[in-house]
Amino acid sequence: MLSFIAATTYGLEAVVELSSQLADDKRNDIRIEAALAKLYCSEMGSRIVDELVQIRGGRGYETAESLAARGERGVPAEQMMRDMRINRIFEGSSEIMRLFIAREAVDAHLSAAGELIEPGVPASRKARAARQAGGFYAKWLPTLMTGQGQRPGAYGEFGPLAQHLRYVERASRKLARVTFYGMARWQGRLERKQGFLGRIVDIGAELFAISAACTRAQYDATTGTERGSVAFELAGVFCAQARHRAEELFAQLWSNTDAPDSALARQVLAGRYTWLEDGIIDPSIPGPWIAEAEPGPSKATDVHRHIG
């Protein structure tokens, strides 16, 4: 647990620094990188805080005021968890972020395929679209077979981290191949395969984070900072952990419960299993699920919690 927290903290800082540098350069469209940084840091940051609370046990669940009243240091771990949780919702929920990134990732495929994947298009137009798509993929697909990731000495300037960058290069091409296969298999229905698209994005986020961690570690090691001597240790463990997560996601692309999950969710929304609620004590305050919204300032009492 401590290893995960330390290594992932280094990785998250690397993602933020790299994304910020790209934004400061103002030379490229960084919507994908910014979205990946928001998604990845929100998700992994929440896991870090969850592990913190677990490590502290009962003290992690206890409020800072309660700890201080008992004569101990008031560490607001439970408040950190509550405060961190909103990051997976505000400024684009994790689910929306995955769909946004996935749309950007497959946009080139959708543009290339055009009417070929649209239902109800006449055969003559589909044939024309097939010829156009064939020209695009005839050039693109061969680039996905081999690359620097297969060359043992590639990225040698990164020292012991070179192996992880070679993995990123290989995995990136594999990710492109499975994305293409998914589009070929489901065509226009791909946009409804949210489980598949979400895993595609999560794999890409792990690969981006590995690249960021390796880049930052090399910078730390070559600029003479006090953290330079240990940067490769943190980055190495983070990259190893991220690679395992990516490989699990690759496996889940084709071995999952997405179809029965979707069917069951529809039955839940249809009210088929309301008997599961029998005996549950509802702790909520009575009222509508969503209040009526009127333009202008709210007349309700401000119950916002301020820190300090």
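Residues numbered from 1 in each chain as written. Predicted model: local features only at pLDDT ≥ 70, side-chain atom pairs only at ≥ 80, totals over all residues. Heavy atoms only, no water.

Colleague: Any chance you could explain unusual backbone geometry here in plain terms?
Modeller: Note: most peptide bonds trans; most residues except glycine with negative phi. Backbone geometry at Lys-26 places phi at a positive 55°, although glycine is not the residue there. Even without being glycine, Glu-91 reaches a positive phi, approximately 55°. Looking at where Glu-91 falls in the secondary structure, it is placed in the loop between helix H5 (77–85) and helix H6 (94–113). (Helix = DSSP H or I, 4+ residues; strand = E, 2+ residues; numbered from the N terminus.)

Colleague: Would you mind showing me how to read helix H11 (residues 258–269) here?
Modeller: Helical periodicity: at 3.6 residues per turn, an α-helix aligns residues three or four positions apart in one direction. The terminal C-alpha atoms of H11 lie 17 Å apart, and with 12 residues this matches the ideal 16 Å at 1.5 Å per residue to within 8%. Two residues or fewer after H11 comes Gly-271, characterised by a positive phi angle close to 85°. (Expected span 1.5 Å × (residues − 1).)

Colleague: I keep staring at the nonpolar core and nothing clicks. Help me out?
Modeller: Generally speaking, a soluble globular protein has its nonpolar side chains buried in company with each other. One finds Val-15, Tyr-40, Phe-238 and Phe-250 to be the most contacted residues of the largest nonpolar core, which totals 54 residues. Put simply, the parts of the chain that give this core at least two residues each are helix H1 (2–25), helix H2 (31–56), H6, helix H8 (162–186), helix H9 (194–222) and helix H10 (228–252). In terms of residue count, the dominant contributor to this core is H9 (14 residues). Not counting the four nearest positions on each side in its chain, Phe-238 is found in contact with Ala-7, Thr-8, Gly-11, Tyr-40, Ala-209, Ile-210, Ala-213 and Arg-245. (Core = buried A, V, L, I, M, F, W, Y, C linked by side-chain atoms within 4.5 Å. Buried < 20%, exposed > 50% of the residue type's maximum accessible area, 1.4 Å probe, protein only. Contact = heavy atoms within 4.5 Å.)

Colleague: What am I meant to see in the pattern of salt bridges here?
Modeller: Side-chain pairing between opposite charges can occur once the charged atoms of the two side chains come close. A full pass over the atoms with the stated rule returns 16 salt bridges. Glu-104 is paired through a salt bridge with Arg-31; the nearest N and O atoms lie 3.8 Å apart. Of the two residues, Glu-104 sits in helix H6 while Arg-31 sits in helix H2, which places them 73 residues apart along the sequence. Given a relative accessible area of 31%, Glu-104 falls into the partly exposed group. For Arg-227, the salt bridge is made with Asp-220, and the minimal N-O distance between the two is 3.0 Å. A network of salt bridges, in which partner residues are shared, links Glu-13, Glu-17, Arg-216, Asp-220 and Arg-227. (Salt bridge = Lys/Arg side-chain N within 4 Å of Asp/Glu carboxyl O.)

Colleague: Looking at this model, I keep getting lost on the environment of Glu-91. Mind explaining?
Modeller: According to the relative accessible area criterion, Glu-91 is exposed, its value standing at 73%. Counting along the chain gives 52 residues from Glu-91 to Leu-39, while the straight-line C-alpha distance between them is 10.0 Å. Sequence-distant contacts of Glu-91, defined by excluding residues within four places in its chain, comprise Lys-38 and Met-97.

Colleague: Looking at this structure, how should I read the side chain of Thr-8?
Modeller: Position of Thr-8 among the secondary structure elements: in helix H1. One polar contact links the side chain of Thr-8 to the main-chain carbonyl oxygen of Phe-4, over a distance of 2.6 Å. (Polar contact = N/O pair within 3.5 Å; in protein donor to acceptor, adjacent residues only side chain to side chain.)

Colleague: What exactly am I supposed to notice about H9 here?
Modeller: A rise of 1.5 Å per residue sets the reference length of H9, with its 29 residues, at 42 Å; its end C-alpha atoms lie 42 Å apart and thus fit the reference within 8%. Most of H9 is tucked away, with 21 of its 29 residues classed as buried. Phi turns positive, to about 75°, at Gly-224, one or two residues after H9.

Colleague: Looking at this structure, how should I read the packing of H2 against H9?
Modeller: Relative orientation and spacing of two packed helices are given, respectively, by the angle between their axes and the distance between those axes. Here H2 crosses H9 at 95°, and the two axes come no closer than 10 Å. In terms of orientation, H2 and H9 fall into the roughly perpendicular class. Seen from H2, the contacting residues are Glu-33, Leu-36, Leu-39 and Tyr-40; seen from H9, they are Val-201, Asp-202, Ala-205, Glu-206, Phe-208 and Ala-209. Among the residues making up the contact of H2 with H9, the classes are represented as 7 nonpolar, no polar and 3 charged. (Axes fitted to C-alpha atoms, helices over the stretch in contact; angles between N-to-C directions. Parallel < 35°, antiparallel > 145°, perpendicular 65-115°, else oblique. Nonpolar A, V, L, I, M, F, W, Y, C, P; charged D, E, K, R; others polar.)

Fair warning: the whole summary comes from geometry, so function is off the table for now.
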